[in-house]
Amino acid sequence: MIELKNISITYQKPLIKSCDLSFPDKSVTLIQGPSGTGKTSLLYRIGLISKDENFAYYINGKQITTSSEKETLRKLNFGYVLQDSTLFEHYDVMGNMKLYASIAGYDYQEEDYKAFLSKVHLSIDLHQSIQTLSGGERQRVAIACALCKQPDVLILDEITSALDKENEIHIFEILKELAHHEHKCIILASHSQYAATYVDKIYEIKNQEIICKKDVARVETLVIKTKEKKLTFAFYKDYIYYFFQKYKLLNVSILIVMCLTFFMFLQTFVMFNYYENNSKHNFEQLYENQLLVVENRASLYTDRVMKQLSDKTISDVSSLDEDYEAFPYIKAGMICGNEWIDILPYFPQNHFDDKVKITYHDKGVYVSQEAYDTLKEAGNEKTLTGEIMLYEYKDNEPIPHPITVDIPIKGVLKENVKAPYIQGRNYIYMEQSMIEKLYQEHAASKTYAGMTLLTKDYKDLVSIKKDLKIKEVYYNTDFCDTETISEIMRNITIVKLFSIASILFIFVVMFGAFQTNYLYKRNNEMALLIINGMNHKGLDKLLSLESLFKYLIACITSSIGVLLIVCISNLIGISLPFPGFVLYIGFLCITFIMSVILTKFYSSAYLKHLSPESVLRN
Ligand SMILES: Nc1ncnc2c1ncn2[C@@H]1O[C@H](COP(=O)(O)OP(=O)(O)OP(=O)(O)O)[C@@H](O)[C@H]1O
């Protein structure tokens with residue numbers, strides 16, 4: 001037996017004054033009254049649909065207070081057939097019955113569904129669309145759906161309004177049979193003139209009072225089910241599938257937004273990595289991963305006075321942790337006419353082949369344009385013939401060693417090629433190994449004016465510079481302008497992060513707009529699910545699984561899109577890199593976490609404000 005004590009209903013003005021009501025088991029109770037007197041409002045309270053808690057609710061003498069008790073009752077024990085809105089429009093007849101059955105934890109065969117339909121005297125196709133049913137058929141399908149939950153209590157609101165007299169009477173007979181033979185507690189609100197004959201108890205609402213007009217029901221104890229079954233994965237899967245069908249356009253729009261965002265996100269990574277690597281490569285062409293260690297600030301350029309490298313500086317350099325190669329710098333040069341030409345060392349990594357204007361021989365020295373002009377005037381156009389000077393140090397004073405050479409000139413360097421060792425432009429580049437060999441052969445003591453350090457990459461160079469600075473060792477930095485490169489790289493990273501943040505921001509806004517729209521369109525379905533006992537956790541899970549499904553489709557589609565673009569661009573000669581595996585997994589993790597958080601955020605906010613009673617009334 002269901003009992004409501006001290007129930008009163010007031011909206012802007014009082015609708016029903018305080019009273020006690022009871023609804024016995026194995027009986028049909030009718031709530032009568034003129035339109036607008038509060039029958040539906042009362043049914044929402046009896047069916048635990050309303051959030052109004054201004055009265056005491058008892059089942060078999062036990063008071064029901066918590067929302068989880070109410071949820072379980074709605075899920076397992078109550079069946080509802082409410083005015084116009086108990087069917088899920090996008091399901092067919094069997095889809096609707098299946099959904100109601102699975103919410104309460106039942107799974108039937110086709111034959112069972114046909115039996116439920118025949119209980120309400122319907123013999124329609126199980127796969128007929130709900131939208132094609134007549135008003136009377138809809139009402140009977142709605143009763144069949146409620147019966148699929150095998151409810152102990154049936155709440156029905158104006159279910160015969162669309163039926164002719166014969167069918168109306170038929171329905172009342174069915175309800176009576178269900179109450180008396182299947183032991184259900186049936187409570188209905190109806191205007192029908194025939195209803196009173198078939199019911200056991202009648203409450204009439206008149207002048208804000210409820211009076212019991214008839215009571216032939218025996219007091220029985222309601223058998224209440226409490227053992228809840230968890231909703232199966234199949235339930236969520238079917239539900240999501242059907243909803244994708246119903247809101248195709250909206251779902252496709254959400255998917256397009258997600259795909260575009262993911263695509264832009266990946267593409268930004270790919271493009272920026274390409275740009276970053278390209279810039280690095282270009283800088284490597286422009287600069288050398290090289291520096292010259294000298295004894296003091298005055299010798300930073302080797303065309304100035306150079307001091308001998310001290311033991312302390314040599315030991316400071318040899319104690320560096322980085323990966324590098326060190327070569328002695330031997331001060332060298334030659335006098336040509338009235339001009340002094342510096343002889344500087346070059347290494348295979350200096351890529352002079354890209355900087356040559358004229359090539360004369362396969363091997364030999366490179367000369368600057370100015371040195372070439374000086375040599376040409378002296379009649380030395382294609383070979384370096386004459387005396388060059390190599391310096392060793394005695395008591396810190398440079399002592400020249402004149403050596404006669406006849407070396408071919410490999411090529412003349414372009415005019416814009418500046419030698420970082422010196423400030424002038426009159427120079428000859430000779431292979432380091434050749435300078436060292438000549439020095440070994442002619443100098444008595446091996447003393448050096450400096451040390452050239454070569455690193456494998458830019459990163460090591462930056463770190464060596466830092467260490468040398470700490471050790472207060474002087475070095476020439478003109479080989480590689482690390483500050484400018486770092487600044488440019490930093491700027492690229494900032495632009496990259498800013499672009500990604502903008503894309504994510506657009507994603508959040510667009511996703512939010514679509515998701516909110518999507519949820520509000522589903523008000524009716526969500527309200528029906530809540531009424532039938534699905535709690536917020538279940539709905540949360542449903543919406544999260546939907547999002548996950550969309551997320552997976554968007555991920556796969558956009559990844560294929562990016563891979564295709566990279567492949568096509570490589571085929572047509574633009575060598576875009578593939579996004580790295582770690583980068584890609586990172587991207588998937590970030591976007592997945594964002595999708596989960598956003599879905600949770602939007603669905604929690606939405607569910608918090610969703611009132612099934614208001615939704616049904618609209
Ligand atoms: N949430 C609400 N806020 C304000 N007024 C409400 C609310 N819900 C219902 N009402 C009002 O309460 C009155 C009773 O409505 P209710 O639907 O319960 O009546 P009813 O007897 O079922 O009517 P009918 O027979 O026409 O279906 C109506 O005037 C309605 O406008």
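Keep in mind it's a predicted model, so treat the numbers as computed, not measured.

Colleague: Account for the pattern of salt bridges, naming residues and giving values.
Modeller: Summed over the entire model, instances satisfying the criterion amount to 15 salt bridges. Lys 496 is the salt-bridge partner of Glu 276, the closest N and O atoms lying 3.3 Å from each other. You can see Glu 276 sitting in helix H9 (residues 248-286) and its partner Lys 496 sitting in helix H14 (residues 482-521), a full 220 residues away along the chain. Each member of the pair, Glu 276 together with Lys 496, is buried. Note that Lys 312 is salt-bridged to Asp 316, the shortest N-O span being 2.6 Å. Remark: Asp 316 and Lys 312 occur in helix H10 (residues 311-318); sequence separation between them is four residues, near one turn of the helix.

Colleague: Let's hear about the sheet that holds strand S4 (residues 56-59): which residues, and what values?
Modeller: The strand order across the open sheet formed by four strands is S2-S1-S4-S5, and the pairing between neighbours is antiparallel. This sheet does not close on itself; its edge strands, each paired only once, are strand S2 (14-23) and strand S5 (62-63). Pairing analysis gives four bridges linking strand S1 (residues 2-10) to S4, with the strands arranged antiparallel. Residue pairing for S4: Leu 4 is matched across the bridge by Tyr 57.

Colleague: Quick one: what's the story with the side chain of Ser 299, residue by residue and with numbers?
Modeller: Following the sequence through the fold, Ser 299 ends up in the loop between strand S11 (290-294) and H10. Engagement of the side chain of Ser 299 in a polar contact is seen with the side chain of Asn 296, the distance being 2.4 Å. Setting aside chain neighbours within four positions, we find Ser 299 in contact with Val 294, Val 305, Met 306 and Lys 307.

Colleague: Describe the environment of Tyr 602, with residues and values.
Modeller: Along the polypeptide, Tyr 602 turns up in helix H17 (residues 581-609). Residue Tyr 602 is classed as buried on the basis of its relative accessible area of 18%. Sequence-wise, Tyr 602 and His 361 are 241 residues apart; in three dimensions their C-alpha atoms are separated by 74 Å. When near neighbours in sequence (up to four residues on either side) are disregarded, Tyr 602 contacts Val 508, Phe 511, Gly 512, Gln 515, Thr 516 and Leu 519.

Colleague: So, the site of the ligand: which residues are in play, and what are the values?
Modeller: Not every one of the 14 residues close to the ligand is listed here, only the nearest: Ser 35, Lys 39, Thr 40, Ser 41 and Arg 617. Between the ligand and the protein, one listed contact pairs an oxygen atom with a backbone N or O atom of Thr 37 at 3.2 Å. At a separation of 3.0 Å, an oxygen atom of the ligand approaches a polar backbone atom of Gly 38. In isolation the ligand has 630 Å² of accessible area, and contact with the protein removes 66% of it. It is helix H1 (residues 39-46) that contributes the most residues to the shell around the ligand, three residues altogether.

Colleague: Describe the UniProt feature "transmembrane region" (unreviewed entry) in the chain, listing the residues and the values that go with them.
Modeller: Sites flagged by UniProt as "transmembrane region" (unreviewed entry) map to residues 249-275, 497-520, 551-575 and 581-602. Split by type, residues 249-275 is 100% helix and 0% strand. Its first and last C-alpha atoms lie 38 Å apart. The distance from the first to the last C-alpha atom of residues 497-520 is 34 Å, and the span holds 100% helix and 0% strand.

Colleague: Tell me about the sheet that holds strand S3 (residues 27-32), residues and numbers included.
Modeller: Sheets are built from strands that pair by backbone hydrogen bonding, the pairs being arranged parallel or antiparallel. Taking strand neighbours across the sheet as the criterion, the six strands line up as S6-S7-S8-S3-S9-S10 in an open arrangement whose pairing is mixed. Bordering the open sheet on either side are strand S6 (78-81) and strand S10 (209-215), each of which pairs with just one other strand. Each adjacent strand pair in this sheet contributes to an overall mean axis angle of 15 degrees, direction not counted. Here four bridges tie S3 to strand S9 (residues 201-206), and the two strands are oriented parallel to one another. Paired with Leu 30 across the bridge in S9 is Ile 202. Docked against the sheet, helix H2 (residues 67-77) engages S6 and strand S7 (153-157), running at close to 70 degrees with respect to S6.

Colleague: Describe the nonpolar core, with residues and values.
Modeller: One finds Met 97, Leu 117, Val 141, Leu 156, Leu 175, Tyr 239 and Leu 542 to be the most contacted residues of the largest nonpolar core, which totals 95 residues. Inspection of this core shows a minimum of three residues originating in each of domain 1 (2-226) and domain 2 (244-281 + 487-617). Apart from the residues lying within four places of it in its own chain, the contact partners of Val 141 are Leu 87, Val 93, Leu 117, Leu 122, Ile 124, Ile 130 and Leu 133.

Colleague: Account for helix H12 (residues 432-442), with residues named and values stated.
Modeller: It helps to recall that an α-helix has 3.6 residues per turn; residues three or four apart then point in one direction. Along H12, the residues that are buried comprise Gln 432, Ile 435, Leu 438 and Tyr 439. Angularly, the buried residues of H12 cover 135 degrees about the axis, an arc narrow enough to put them on a single face. Those residues of H12 that are exposed and aimed more than 90 degrees away from the buried face are Lys 437 and Glu 441. Elements in contact with the buried residues of H12: strand S12 (324-329), strand S14 (339-346), strand S17 (383-394), strand S18 (397-413) and strand S19 (427-431).

Rules used in this analysis
- Residues numbered from 1 in each chain as written.
- Predicted model: local features only at pLDDT ≥ 70, side-chain atom pairs only at ≥ 80, totals over all residues.
- Heavy atoms only, no water.
- Salt bridge = Lys/Arg side-chain N within 4 Å of Asp/Glu carboxyl O.
- Helix = DSSP H or I, 4+ residues; strand = E, 2+ residues; numbered from the N terminus.
- Buried < 20%, exposed > 50% of the residue type's maximum accessible area, 1.4 Å probe, protein only.
- Pairing = 2+ DSSP bridges.
- Polar contact = N/O pair within 3.5 Å; in protein donor to acceptor, adjacent residues only side chain to side chain.
- Contact = heavy atoms within 4.5 Å.
- Near = heavy atom within 4 Å.
- Areas by Shrake-Rupley, 256 points an atom, 1.4 Å probe, with all protein chains shown as cover.
- UniProt positions renumbered as here; feature names shortened; annotations may be inferred.
- Axes fitted to C-alpha atoms, helices over the stretch in contact; angles between N-to-C directions.
- Core = buried A, V, L, I, M, F, W, Y, C linked by side-chain atoms within 4.5 Å.
- Domains from an automatic or database assignment.
- Arc of directions from axis to C-beta.

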